[in-house]
Amino acid sequence: MSAILSNAVIGICRRSRNSLQYLGTKMKKVVSLVEGHAGGGLSQQVIIATKSLKCGRVIAVPTDTIYGVASLAQNSEAVNALYDIKQRDFSKPIAICVGDIIDIYKWGKVTVSNDLLADLLPGPVTLVFERTADLNPNLNPGTTLVGIRIPNHSFIRQLAQSCGEPLALTSANISSSQSTLTVQEFQDLWPKLDLIVDGGTLSDDPKSRLGSTVVDLSNAGKFTIIRNGSAYKSTVDILAGKYNLTEEDR
(Lines give C-alpha, C1' and ligand atoms only; values in the text may rest on other atoms or scores of the structure.)
Protein backbone atom coordinates (compact mmCIF):
# COMPACT_ATOMS: atom_id res chain seq x y z
CA MET A 1 0.00 0.00 0.00
CA SER A 2 1.37 3.44 -0.92
CA ALA A 3 2.06 6.02 1.79
CA ILE A 4 -0.63 8.28 0.30
CA LEU A 5 -3.27 5.55 0.43
CA SER A 6 -2.14 4.46 3.90
CA ASN A 7 -2.45 8.00 5.26
CA ALA A 8 -5.85 8.36 3.62
CA VAL A 9 -7.05 5.15 5.28
CA ILE A 10 -5.87 6.36 8.69
CA GLY A 11 -7.91 9.53 8.25
CA ILE A 12 -10.96 7.54 7.16
CA CYS A 13 -10.63 5.27 10.21
CA ARG A 14 -10.62 8.26 12.56
CA ARG A 15 -13.80 9.60 10.96
CA SER A 16 -15.62 6.26 10.94
CA ARG A 17 -14.30 4.45 14.00
CA ASN A 18 -17.59 2.77 14.90
CA SER A 19 -19.03 1.93 11.50
CA LEU A 20 -18.37 0.07 8.28
CA GLN A 21 -18.31 3.34 6.35
CA TYR A 22 -15.29 3.73 4.03
CA LEU A 23 -14.82 6.44 1.42
CA GLY A 24 -18.49 7.38 1.83
CA THR A 25 -19.73 3.95 0.72
CA LYS A 26 -21.38 1.46 3.04
CA MET A 27 -19.32 -1.74 2.89
CA LYS A 28 -20.99 -5.14 2.78
CA LYS A 29 -20.10 -7.34 5.72
CA VAL A 30 -19.65 -10.39 3.47
CA VAL A 31 -17.61 -9.86 0.30
CA SER A 32 -17.48 -12.63 -2.29
CA LEU A 33 -14.34 -13.35 -4.26
CA VAL A 34 -16.46 -15.13 -6.84
CA GLU A 35 -18.44 -11.94 -7.39
CA GLY A 36 -15.16 -10.04 -7.52
CA HIS A 37 -13.89 -12.12 -10.42
CA ALA A 38 -17.11 -11.53 -12.34
CA GLY A 39 -17.40 -7.82 -11.66
CA GLY A 40 -14.07 -6.08 -11.88
CA GLY A 41 -11.47 -8.48 -10.57
CA LEU A 42 -9.95 -9.32 -7.24
CA SER A 43 -8.24 -6.00 -6.58
CA GLN A 44 -11.36 -4.29 -5.20
CA GLN A 45 -11.78 -7.02 -2.57
CA VAL A 46 -8.13 -6.59 -1.57
CA ILE A 47 -8.62 -2.82 -1.21
CA ILE A 48 -11.70 -3.27 0.99
CA ALA A 49 -9.97 -5.82 3.22
CA THR A 50 -6.82 -3.67 3.47
CA LYS A 51 -8.85 -0.68 4.63
CA SER A 52 -10.53 -2.79 7.30
CA LEU A 53 -7.21 -4.14 8.61
CA LYS A 54 -5.56 -0.72 8.54
CA CYS A 55 -8.43 0.52 10.72
CA GLY A 56 -7.44 -2.04 13.35
CA ARG A 57 -10.28 -4.46 12.64
CA VAL A 58 -10.42 -8.26 12.54
CA ILE A 59 -11.58 -9.97 9.35
CA ALA A 60 -12.15 -13.50 8.03
CA VAL A 61 -10.16 -14.67 5.02
CA PRO A 62 -9.75 -17.80 2.90
CA THR A 63 -6.41 -19.59 2.78
CA ASP A 64 -5.07 -22.63 0.93
CA THR A 65 -6.30 -24.95 3.71
CA ILE A 66 -9.05 -23.50 5.95
CA TYR A 67 -10.67 -20.16 6.68
CA GLY A 68 -8.76 -17.87 8.98
CA VAL A 69 -9.31 -14.73 11.00
CA ALA A 70 -6.71 -12.02 10.65
CA SER A 71 -5.57 -8.69 12.03
CA LEU A 72 -2.42 -6.63 11.62
CA ALA A 73 0.33 -8.33 13.63
CA GLN A 74 1.98 -5.01 14.49
CA ASN A 75 -1.24 -3.61 16.02
CA SER A 76 -1.44 -4.85 19.62
CA GLU A 77 -5.09 -3.83 20.14
CA ALA A 78 -6.11 -5.70 17.00
CA VAL A 79 -4.17 -8.80 18.09
CA ASN A 80 -5.92 -8.71 21.47
CA ALA A 81 -9.27 -8.48 19.68
CA LEU A 82 -8.29 -11.50 17.59
CA TYR A 83 -7.68 -13.54 20.74
CA ASP A 84 -10.96 -12.37 22.27
CA ILE A 85 -13.00 -13.27 19.18
CA LYS A 86 -11.56 -16.79 19.11
CA GLN A 87 -11.72 -17.17 22.90
CA ARG A 88 -8.12 -18.29 22.59
CA ASP A 89 -5.71 -18.68 25.48
CA PHE A 90 -3.22 -15.80 25.30
CA SER A 91 -0.40 -18.24 26.06
CA LYS A 92 -0.99 -19.97 22.70
CA PRO A 93 1.02 -18.30 19.90
CA ILE A 94 -0.48 -17.02 16.67
CA ALA A 95 1.36 -17.28 13.36
CA ILE A 96 1.93 -14.42 10.96
CA CYS A 97 1.22 -14.33 7.24
CA VAL A 98 3.32 -12.49 4.65
CA GLY A 99 3.01 -12.08 0.90
CA ASP A 100 6.46 -13.04 -0.40
CA ILE A 101 9.47 -15.11 0.61
CA ILE A 102 11.64 -12.02 0.95
CA ASP A 103 9.33 -10.80 3.73
CA ILE A 104 10.21 -13.79 5.91
CA TYR A 105 13.70 -12.40 6.50
CA LYS A 106 12.34 -9.24 8.14
CA TRP A 107 10.36 -11.09 10.79
CA GLY A 108 12.27 -14.36 11.29
CA LYS A 109 15.93 -15.35 11.62
CA VAL A 110 16.10 -17.70 8.66
CA THR A 111 18.34 -20.78 9.05
CA VAL A 112 17.73 -22.44 5.68
CA SER A 113 18.43 -21.64 2.05
CA ASN A 114 16.17 -19.55 -0.11
CA ASP A 115 15.80 -22.59 -2.38
CA LEU A 116 14.35 -24.58 0.51
CA LEU A 117 11.91 -21.79 1.32
CA ALA A 118 10.84 -21.68 -2.32
CA ASP A 119 10.24 -25.45 -2.33
CA LEU A 120 7.81 -25.15 0.59
CA LEU A 121 6.21 -21.76 0.01
CA PRO A 122 3.71 -20.60 -1.00
CA GLY A 123 1.98 -23.63 0.42
CA PRO A 124 0.18 -25.23 3.39
CA VAL A 125 3.20 -25.02 5.68
CA THR A 126 4.03 -22.78 8.65
CA LEU A 127 7.78 -22.31 9.21
CA VAL A 128 8.95 -21.48 12.73
CA PHE A 129 12.08 -19.38 13.27
CA GLU A 130 13.51 -17.20 15.98
CA ARG A 131 11.72 -13.88 15.76
CA THR A 132 13.49 -10.65 14.92
CA ALA A 133 13.33 -7.45 16.95
CA ASP A 134 11.13 -5.87 14.27
CA LEU A 135 8.14 -8.03 15.20
CA ASN A 136 5.58 -6.59 17.62
CA PRO A 137 6.82 -7.59 21.12
CA ASN A 138 3.19 -7.90 22.26
CA LEU A 139 2.56 -10.67 19.72
CA ASN A 140 3.35 -14.01 21.38
CA PRO A 141 5.39 -12.42 24.20
CA GLY A 142 5.91 -15.80 25.86
CA THR A 143 8.17 -17.18 23.12
CA THR A 144 11.21 -16.14 21.12
CA LEU A 145 9.85 -17.99 18.09
CA VAL A 146 7.36 -17.05 15.39
CA GLY A 147 5.49 -19.15 12.85
CA ILE A 148 5.39 -17.64 9.35
CA ARG A 149 2.92 -18.53 6.57
CA ILE A 150 2.65 -17.77 2.87
CA PRO A 151 -0.56 -19.51 1.85
CA ASN A 152 -0.90 -20.63 -1.76
CA HIS A 153 -3.93 -18.40 -2.22
CA SER A 154 -3.77 -15.28 -4.37
CA PHE A 155 -6.19 -13.20 -2.31
CA ILE A 156 -4.44 -13.43 1.05
CA ARG A 157 -1.01 -13.02 -0.54
CA GLN A 158 -2.17 -9.85 -2.29
CA LEU A 159 -3.73 -8.68 0.95
CA ALA A 160 -0.46 -9.06 2.88
CA GLN A 161 1.39 -7.29 0.06
CA SER A 162 -1.16 -4.47 0.06
CA CYS A 163 -0.92 -3.97 3.82
CA GLY A 164 2.87 -3.87 3.65
CA GLU A 165 3.17 -5.61 7.01
CA PRO A 166 2.46 -9.06 8.43
CA LEU A 167 -1.00 -10.34 9.27
CA ALA A 168 -1.66 -12.21 12.50
CA LEU A 169 -3.51 -15.27 11.20
CA THR A 170 -5.31 -18.10 12.96
CA SER A 171 -8.20 -20.43 12.19
CA ALA A 172 -11.74 -19.04 11.87
CA ASN A 173 -13.42 -20.91 14.69
CA ILE A 174 -13.83 -20.79 18.43
CA SER A 175 -10.64 -22.17 19.96
CA SER A 176 -10.55 -26.00 20.06
CA SER A 177 -13.61 -26.40 17.79
CA GLN A 178 -13.57 -27.78 14.24
CA SER A 179 -11.78 -25.76 11.57
CA THR A 180 -13.88 -24.36 8.74
CA LEU A 181 -14.00 -24.79 4.96
CA THR A 182 -16.94 -22.44 4.25
CA VAL A 183 -17.91 -19.08 5.74
CA GLN A 184 -21.24 -20.54 6.85
CA GLU A 185 -19.41 -22.86 9.22
CA PHE A 186 -18.26 -19.96 11.40
CA GLN A 187 -21.39 -17.80 11.33
CA ASP A 188 -21.24 -17.56 15.12
CA LEU A 189 -18.18 -15.32 14.70
CA TRP A 190 -19.70 -12.98 12.08
CA PRO A 191 -21.11 -10.41 14.53
CA LYS A 192 -17.61 -9.91 15.97
CA LEU A 193 -15.87 -9.50 12.61
CA ASP A 194 -15.62 -6.34 10.53
CA LEU A 195 -15.53 -8.21 7.22
CA ILE A 196 -15.94 -11.76 5.94
CA VAL A 197 -14.20 -12.54 2.64
CA ASP A 198 -16.06 -15.46 1.08
CA GLY A 199 -13.86 -17.59 -1.14
CA GLY A 200 -16.44 -20.37 -1.47
CA THR A 201 -15.86 -23.94 -0.36
CA LEU A 202 -12.09 -24.23 0.04
CA SER A 203 -11.83 -27.99 -0.32
CA ASP A 204 -13.84 -31.20 -0.48
CA ASP A 205 -10.95 -33.08 1.16
CA PRO A 206 -11.43 -33.53 4.93
CA LYS A 207 -7.62 -33.51 5.27
CA SER A 208 -7.69 -29.78 4.59
CA ARG A 209 -9.30 -29.28 7.99
CA LEU A 210 -5.96 -30.28 9.52
CA GLY A 211 -4.61 -26.86 8.55
CA SER A 212 -1.01 -26.16 7.69
CA THR A 213 1.88 -28.39 8.63
CA VAL A 214 3.91 -26.57 11.30
CA VAL A 215 7.67 -27.17 11.31
CA ASP A 216 10.32 -25.68 13.60
CA LEU A 217 13.43 -24.67 11.62
CA SER A 218 14.95 -22.47 14.31
CA ASN A 219 17.96 -24.80 14.75
CA ALA A 220 20.20 -24.86 11.68
CA GLY A 221 20.43 -28.26 9.98
CA LYS A 222 17.50 -29.69 11.93
CA PHE A 223 13.71 -29.66 11.88
CA THR A 224 10.93 -30.59 14.28
CA ILE A 225 7.36 -31.21 13.21
CA ILE A 226 5.11 -29.34 15.66
CA ARG A 227 1.84 -30.21 13.90
CA ASN A 228 1.43 -32.79 11.16
CA GLY A 229 -1.22 -30.78 9.33
CA SER A 230 -2.26 -31.39 5.74
CA ALA A 231 1.19 -31.47 4.11
CA TYR A 232 3.21 -33.66 6.47
CA LYS A 233 4.65 -36.17 4.00
CA SER A 234 5.61 -33.68 1.29
CA THR A 235 7.19 -31.38 3.87
CA VAL A 236 9.32 -34.14 5.41
CA ASP A 237 10.30 -35.38 1.95
CA ILE A 238 11.65 -31.92 1.09
CA LEU A 239 13.38 -31.25 4.39
CA ALA A 240 14.93 -34.67 4.98
CA GLY A 241 15.02 -36.14 1.47
CA LYS A 242 16.08 -33.18 -0.64
CA TYR A 243 17.97 -30.99 1.85
CA ASN A 244 19.24 -33.65 4.31
CA LEU A 245 18.00 -31.89 7.40
CA THR A 246 17.85 -34.06 10.52
CA GLU A 247 14.47 -34.60 12.12
CA GLU A 248 14.30 -34.17 15.88
CA ASP A 249 11.51 -35.28 18.18
CA ARG A 250 9.40 -32.55 19.63
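Just so it is clear, the structure is predicted and the values come from calculations on it, not from any experiment.

Criteria and thresholds
- Residues numbered from 1 in each chain as written.
- Predicted model: local features only at pLDDT ≥ 70, side-chain atom pairs only at ≥ 80, totals over all residues.
- Heavy atoms only, no water.
- Helix = DSSP H or I, 4+ residues; strand = E, 2+ residues; numbered from the N terminus.
- Buried < 20%, exposed > 50% of the residue type's maximum accessible area, 1.4 Å probe, protein only.
- Contact = heavy atoms within 4.5 Å.
- Areas by Shrake-Rupley, 256 points an atom, 1.4 Å probe, with all protein chains shown as cover.
- Pairing = 2+ DSSP bridges.
- Core = buried A, V, L, I, M, F, W, Y, C linked by side-chain atoms within 4.5 Å.
- Arc of directions from axis to C-beta.
- Salt bridge = Lys/Arg side-chain N within 4 Å of Asp/Glu carboxyl O.
- 1 Å grid on protein atoms, 1.4 Å probe; cavity = no way out; pocket = protein on both sides within 12 Å on 5 of 7 lines; lining within 4 Å.
- Points joined across faces, edges and corners; volume = space filled by probe spheres on them.
- Nonpolar A, V, L, I, M, F, W, Y, C, P; charged D, E, K, R; others polar.
- Polar contact = N/O pair within 3.5 Å; in protein donor to acceptor, adjacent residues only side chain to side chain.

(A) Just the overall build of the protein, in detail. Of the regular secondary structure elements, the protein holds eight helices and 14 strands. Here the protein, with 250 residues, has 52% of them falling under the buried criterion. Restricting the contact set of the protein to residue pairs at least 6 apart, pairs at least 24 apart contribute 64%. Approximately 11400 Å² of the protein is accessible, and the part contributed by carbon and sulfur atoms is 49%.

(B) Spatial organisation of the pairing of strand β4 (residues 59-62). What you see with β4 is no split at all: I59 and V61 on one side and A60 and P62 on the other are buried throughout. Across four bridges, β4 lies against strand β5 (residues 67-72) in antiparallel orientation. Within the sheet, the bridge partner assigned to V61 lies in β5 and is G68.

(C) The arrangement of the nonpolar core in detail. L127, F186, L193 and L217 are the most contacted members of the largest nonpolar core, which has 45 residues in total. For this core, the secondary-structure elements that each account for two or more residues are β5, α4 (76-86), α5 (101-107), α6 (114-120), β8 (125-131), β9 (145-149), β13 (222-227) and α8 (232-242). In terms of residue count, α4 provides more of this core than any other element does, four residues in total. Other than its neighbours up to four places away in sequence, F186 contacts A60, Y67, A172, T180, L193 and I196. With 20 residues, the next largest nonpolar core counts A49, I59, L169 and V197 among its residues.

(D) Here's a closer look at helix α7 (residues 154-163). Taken together, the buried positions of α7 are F155, I156, L159, A160, S162 and C163. The buried residues of α7 all sit within an arc of 160° when viewed along its axis, so they share a single face. Two residues or fewer after α7 comes G164, characterised by a positive phi angle close to 70°.

(E) Representation of the pattern of salt bridges within the structure. A complete count under the given rule lists nine salt bridges for this structure. K242 serves as the salt-bridge partner of D119, at 2.8 Å between the closest nitrogen and oxygen. Of this pair, D119 sits in helix α6 while K242 sits in helix α8, and the two are 123 residues apart along the sequence. One salt bridge in this structure joins K233 and D237, with 2.9 Å as the shortest N-O distance. Taken together, the residues K233 and D237, both in helix α8 and four residues apart, mark about one turn of the helix. Taking relative accessible area as the criterion, K233 reaches 59% and is therefore assigned exposed. Among the residues examined, D237 registers a relative accessible area of 39% and is labelled partly exposed.

(F) Empty space enclosed by the protein, seen in detail. By the definition in use, this model includes one cavity of 30 Å³ or more. Taken as a whole, the largest cavity encloses approximately 30 Å³ of empty space. For the largest cavity, the full set of lining residues is D216, S218, N219, K222, F223, T224 and E248. Ranked by residues supplied to the lining of the largest cavity, first place goes to β13 with three residues. Class assignment of the residues belonging to the lining of the largest cavity gives a composition of one nonpolar, three polar and three charged.

(G) Quick look at the pairing of β9. Burial analysis of β9 places four of its five residues in the buried class, the great majority of the element. Here two bridges tie strand β6 (residues 95-97) to β9, and the two strands are oriented parallel to one another. Bridging from a neighbouring strand, C97 pairs with R149 of β9. Of the strand pairs in this sheet, β8 and β9 are connected by five bridges, and their pairing is antiparallel.

(H) Here's a closer look at the side chain of T180. With respect to the element layout, T180 can be found in the loop between β10 (167-171) and β11 (195-198). A distance of 3.1 Å separates a polar atom in the side chain of T180 from the backbone oxygen of A172. Beyond its immediate sequence surroundings of up to four residues, T180 is in contact with I66, Y67, A172, E185, F186 and R209.

(I) Fine view of the side chain of S175. Within the secondary structure layout, S175 lies in the loop between β10 and β11. With relative accessibility at 18%, the residue S175 sits in the buried group. With near-sequence residues (within four places) excluded, S175 lies in contact with K86, Q87, R88 and K92.

Scope: geometric values only; no functional claims are made or implied.
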